[in-house]
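Residue-level listing of the chains:
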Amino acid sequence: MTVAAIARVLRPESNSLSPSHDPTLPEGASMLSGVAVVVCMTPLDVVSTRMYNQGVDSKGRGLIYSGLWDCIRQITKKEGLLGFYKGSTASLLRTGPHTVLSLTFWNEFRKLYDYYGSEIPEAEVAQL
């Protein structure tokens, strides 16, 4: 899902991909994208981190979890579904600004390209 798609959901009356009349719309859509990334990725991060950080025996088998599904089962049983979201605040504080800045700059550069892109000769672009 792109920033433009989220912007259209937030403001359906705007048909423009990058509305210039409301500068907060791309930033708001970027923030929602960052939250979506954290909600989707944190459970995977929790499981992979726990699998990676567990000790192993002399045969290389995990001391705590026997595999992926065992790890998921144990987290669910001991901590509930919220156990998959441990560290989500730190993840959001890390991912949020990165997502907002990346998507906002990309949106602004796309506007510049749409405005100037057809006027720059190919030879000048190659020198950049």
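Below, the structure is looked at part by part. No experiment lies behind these values; they were computed from the predicted model shown.

This part is about the overall build of the protein. Assigned secondary structure in the protein consists of five helices and zero strands. Taken across its 128 residues, the protein has 30% of its residues classed as buried. Looking at the protein alone, contacts between residues at least 24 apart form 54% of all its contacts between residues at least 6 apart. Counting only carbon and sulfur atoms, one obtains 65% of the accessible surface of the protein, whose full area is about 9200 Å².

Another point: helix H2 (residues 24-53). Look at H2: 41 Å from first C-alpha to last across 30 residues, which is about the 44 Å you get at 1.5 Å a residue. Along H2, the largest kink reaches about 40° and is centred on Met41; proline Pro43 follows within four residues of it.

Locating Gln74 in the fold gives a position in helix H3 (residues 68-79). Owing to a relative accessible area of 14%, Gln74 belongs among the buried residues under this scheme.

Look at H2 against H3: their axes get within 10 Å of each other, and the N-to-C directions meet at 110°. By the angle between their axes, H2 is roughly perpendicular relative to H3. Of the residues in H3, those in contact with Val46, Val47, Arg50 and Met51 of H2 are Leu68, Cys71, Ile72, Ile75 and Glu79.

About the criteria used
Residues numbered from 1 in each chain as written. Predicted model: local features only at pLDDT ≥ 70, side-chain atom pairs only at ≥ 80, totals over all residues. Heavy atoms only, no water. Helix = DSSP H or I, 4+ residues; strand = E, 2+ residues; numbered from the N terminus. Buried < 20%, exposed > 50% of the residue type's maximum accessible area, 1.4 Å probe, protein only. Contact = heavy atoms within 4.5 Å. Areas by Shrake-Rupley, 256 points an atom, 1.4 Å probe, with all protein chains shown as cover. Expected span 1.5 Å × (residues − 1). Bend = angle between axes of the 7 residues up to and from the residue. Axes fitted to C-alpha atoms, helices over the stretch in contact; angles between N-to-C directions. Parallel < 35°, antiparallel > 145°, perpendicular 65-115°, else oblique.

Read these as spatial facts, not as claims about activity.
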